[in-house]
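Letter by letter, the chains look like this.
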Amino acid sequence: MKILAIESSCDETSAAVIADSKALSNLISSQYFHSKFGGVVPELASRAHLEAISEIVEDALKLANLTINDIDALAVTSAPGLVGSLIVGSNFAKGLSLKYNLPLVPVNHIEGHLYSGCLQDSSVKFPFISLVVSGGHTIIFDVKSYNEYLILGLTKDDAAGEAFDKTAKMLGLPYPGGPQIDKLAKNANPSAYTFPRSMINSGDYNFSFSGLKTSVRYFIAKYFSDGIPEVMLANIAASVQEAIVDVLVKKSIDAVVNLGYKTLIVSGGVSANSRLRSKMRSACGEHKFKFVAPELSLCMDNAAMIGFIAEKKLLSDNQNFHDLTFTVNPTSIRLRKNQ
Ligand code: KG4
Ligand code: ZN
C-alpha cells in the first residue's frame, strides 16, 4: 500500500510517501522567517503553507518515483496545531481525495510523534514507554499497540519546548530557542548554575516547566540586569538545558522501570536535543533498556510519521476513510484540573 501524507500543523509544510511502513520520501519545508518575530505568527504560517504545499506534494511523489495514480490512500494531520495551518493541509488533502477518489485518513499529530520511533526502527516491540516532547506537548505514554496507549503523565503548564524557547528569548537568542540553547551549551558547564527541577520527586509522571522560566527571569534580573556577558551565556544555557533534561530523563526512566518494560522511545522536536539524547541513552544503557530516538527529520514535524500511523489505521480500522466531513481541531493535550 502506498500512502501520500501531508503535515502542516505549525510552521513546517511536509509531504511524504509511505509504502509498507517505510518512507520513500519525506520532504520538509521550514518557515524560518518567523524567527524575526520571536515566534510563529499564525496568519503568516497559513499563507506560507498555501504557497508551499502544492510543490512539496509534487516533489515528494517525484522523489518516490511515483505519480498520484500510484497512490492508494492519503493521510493528513487534522489535530492539534494552529487552526489556519491545519485547514490548509486538510483542505488540500480533501481536494486530492475528491479528485482521485482516494481514502483520506485524518491523523492526530501527537500520535504521529508517538509512533515515529517505530518508523525509525522496525525492530521495536510493544509495549514501550514513549516520551513525546515538542513545542506544544510533554507527555509520557504507555504504548501497548498501534491502537492502544495511555497517558501516564503530562505537563501542568508549559511544554519542554516552550521552556527552551522562552528561556532562550530571555537570553537574547533567536526563535526557535531549543536548537540555539543546544548549540551554545555544547562546550559549556551544565553545573555552573542551579535552576529548579520542578516535580522531579513528585512520584508521578507529570511535569511543570513554568517555574523554571520564572527562575531564569529573576536570575537575569538579579545578576545580569545590564546584559549577559558572552562568556557566561553558554554556561547559563547549559545549566537551563540540564534542568529540563534531568526531569525528562528521570520521569521517563521511572516509567520504564515501574511498568517493567524494556524500551524507551523519545520523539518530538525537543528529542533532537543532543544532551537529552546522550543522557537518555546512558540511563537506558545502565538499565539495559532499548533506547530509540528517531533521526532529525523524523523528530521534527514531518509527514512520514503521519503516513506511517495512517497505514496502521487503514489496515486495522473498519472506518470509512472516504468520509470527508471531519474538521480540524487545534486543541492540545494539557493536564486538566481533575487529572
Ligand atoms: O515537534 P516540533 O517540531 O513542533 C511541535 O509539534 O511543537 O517541536 C518544536 C520544538 C520547539 O520548541 C523547538 O525549540 C524544539 O522543538 N527543539 C529543540 C531542539 N530542536 C527543536 N529543543 C531543544 N534542543 C533542540 N536541539
Ligand atoms: Zn510536533
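Within any chain, residue numbers begin from 1 and follow the written order of that chain's sequence. In the order they appear in the text, chains get letters beginning with A and ligands get numbers beginning with 1. Two thresholds apply to this predicted model, a pLDDT of at least 70 for residue-level local features and 80 or more for giving and counting side-chain atom pairs, whereas whole-chain, interface and lining totals are computed over all residues. Side-chain figures throughout are based on the complete set of non-hydrogen atoms in the structure, without hydrogens or water.

Draft legend 1. Here's a closer look at the overall build of the protein. Along the protein, the regular secondary structure elements total 11 helices and 10 strands. Computed over its C-alpha atoms, the radius of gyration of the protein comes to 20 Å, within 12% of the 20 Å expected for a compact globule of 339 residues. Counting only C-alpha atoms, the protein reaches 60 × 45 × 40 Å along its principal axes. Throughout this description, buried means an accessible area under 20% of the type-specific maximum (1.4 Å probe, protein chains only), exposed means over 50%, and partly exposed covers the range between. When the 339 residues of the protein are sorted by exposure, 53% land in the buried category. Long-range pairs, those at least 24 residues apart, make up 75% of the contacts in the protein with a sequence separation of at least 6. On the protein, roughly 14,800 Å² of surface is accessible, and the fraction owed to carbon and sulfur atoms is 52%. Asp and Glu count as negative and Lys and Arg as positive, but His and the ends of the chain are not part of the count. By convention, charge coordinates are those of NZ in Lys, CZ in Arg, CG in Asp, or CD in Glu. Of note, the protein has its 32 positive side-chain charges centred 6 Å away from the centre of its 32 negative side-chain charges. We count a stretch as a helix when DSSP gives it H or I for four or more residues in a row; a strand needs E for two or more, and each element gets its number in order from the N terminus. With the radius of gyration taken over C-alpha atoms, the globule rule is written as 2.2 Å times the number of residues to the power 0.38. Contact between two residues is taken to exist if any of their heavy atoms lie within 4.5 Å; hydrogens are not considered. Accessible surface is estimated by sampling points in the Shrake-Rupley manner with a 1.4 Å probe; for residues, cover comes only from the protein chains shown.

Draft legend 2. Fine view of the sheet that holds strand 3 (residues 22–30). With mixed pairing, 5 strands are arranged side by side in an open sheet as 3-2-1-4-5. Both edges of this open sheet fall to strand 3 and strand 5 (104–108), since each of them pairs with a single strand only. When the angles between neighbouring strand axes are averaged without regard to direction, this sheet yields 20°. For strand 2 (residues 12–19) and strand 3, the ladder comprises 8 bridges, and the chain directions are antiparallel. Here the rule is simple: two strands pair whenever DSSP picks up at least two bridges between them. Where helices are involved, their axes are fitted lines through C-alpha atoms of the stretch in contact, as for all axes, and angles between N-to-C directions lie from 0 to 180°.

Draft legend 3. Fine view of the sheet that holds strand 8 (residues 148–154). Reading across from one edge, 8-7-6-9-10 is the order of the 5 strands in this open sheet, with mixed pairing throughout. Each edge of the open sheet is held by one strand with a lone partner, namely strand 8 and strand 10 (290–292). The mean angle between the axes of side-by-side strands here comes to 20°, regardless of whether they run parallel or antiparallel. Of the pairings in the sheet, the one linking strand 6 (residues 128–133) to strand 9 (residues 263–267) comprises 4 bridges and is parallel in character. Residue pairing for strand 9: Ser-130 is matched across the bridge by Ile-265. Sitting on the sheet, helix 8 (residues 230–259) is in contact with strand 6, strand 7 (138–145), strand 8 and strand 9, with an inclination near 160° to strand 6. Where helix 9 (residues 274–287) meets the sheet, its contacts fall on strand 6, strand 9 and strand 10, and the angle it forms with strand 10 comes to roughly 165°.

Draft legend 4. Broad picture of the packing of aromatic side chains. Each aromatic pair joins two rings of Phe, Tyr and Trp (for Trp, the six-membered one) with centres within 6.5 Å, and gets the label stacked for planes under 30 degrees apart, edge-to-face for over 60, and tilted for any other angle. Taken as a whole, this structure holds 12 aromatic pairs when the rule is applied. The interplanar angle of 70° and the centroid separation of 6.3 Å between the aromatic rings of Tyr-115 and Tyr-149 together place this pair among those described as edge-to-face. A residue pair is termed long-range when its members are at least 10 positions apart, and Tyr-115 in the loop between helix 3 (109–114) and helix 4 (116–120) and Tyr-149 in strand 8 qualify at 34 residues. On the basis of relative accessibility, which here comes to 1%, the residue Tyr-115 falls in the buried class. Between the aromatic rings of Phe-219 and Tyr-223, the centroid separation amounts to 5.3 Å while the plane-to-plane angle is 55°, which identifies the pairing as tilted. Note that Phe-219 and Tyr-223 are positioned in helix 7 (residues 210–223) at a spacing of 4 residues, about one turn of the helix. The exposure class assigned to Phe-219 is buried, which follows from its relative accessible area of 12%. Aromatic rings pair up to connect Tyr-115, Phe-126, Phe-128, Phe-141, Tyr-146, Tyr-149 and Phe-308 into one cluster. In this scheme, the term charge over a ring applies when either NZ of a lysine or CZ of an arginine sits within 6 Å of the ring centre and within 35 degrees of the ring normal. If you follow Lys-94 out to its NZ or CZ, it ends over the ring of Phe-326, 4.4 Å from the centre. The ring of Phe-207 has Lys-251 lying over it, and the distance from NZ or CZ to the ring centre is 5.9 Å.

Draft legend 5. Main features of the coordination of the zinc ion (ligand 2). Donors, by definition, are the N, O and S atoms found within 2.8 Å of a metal, the threshold being 3.2 Å for Na, K and Ca, and water is not counted, so a site can look incomplete. Here the zinc ion (ligand 2) is held by the protein donor atoms His-109 (NE2), His-113 (NE2) and Asp-301 (OD), which lie 2.1 to 2.2 Å from it. Counting along the primary sequence, the residues that act as donors to the zinc ion (ligand 2) give the motif H-x3-H-x187-D. Within this pair, whereas His-113 is found in helix 3, its partner Asp-301 is found in the loop between helix 10 (296–299) and helix 11 (303–316), the two being separated by 188 residues in sequence. The two residues His-113 and Asp-301 agree in class, both being buried.

Draft legend 6. Layout of the side chain of Glu-12. Mapped onto the secondary structure, Glu-12 falls in strand 2. Although Glu-12 is buried, it forms no salt bridge, and the closest oppositely charged side chain is Arg-277 at an N-O distance of 14 Å. Side-chain atoms alone can form a polar contact between residues adjacent in sequence; in general such a contact is a pair of N or O atoms within 3.5 Å, and within protein one must be able to donate a hydrogen while the other accepts it. For Glu-12, the side chain forms a polar contact with the side chain of Ser-30, separated by 2.9 Å. In this view, Glu-12 contacts Glu-7, Ile-28, Ser-29, Ser-30, His-49, Met-300 and Asp-301; residues no more than four positions away in its chain are not counted. Only one rule defines a salt bridge in this text: a Lys or Arg side-chain nitrogen within 4 Å of an Asp or Glu carboxyl oxygen.

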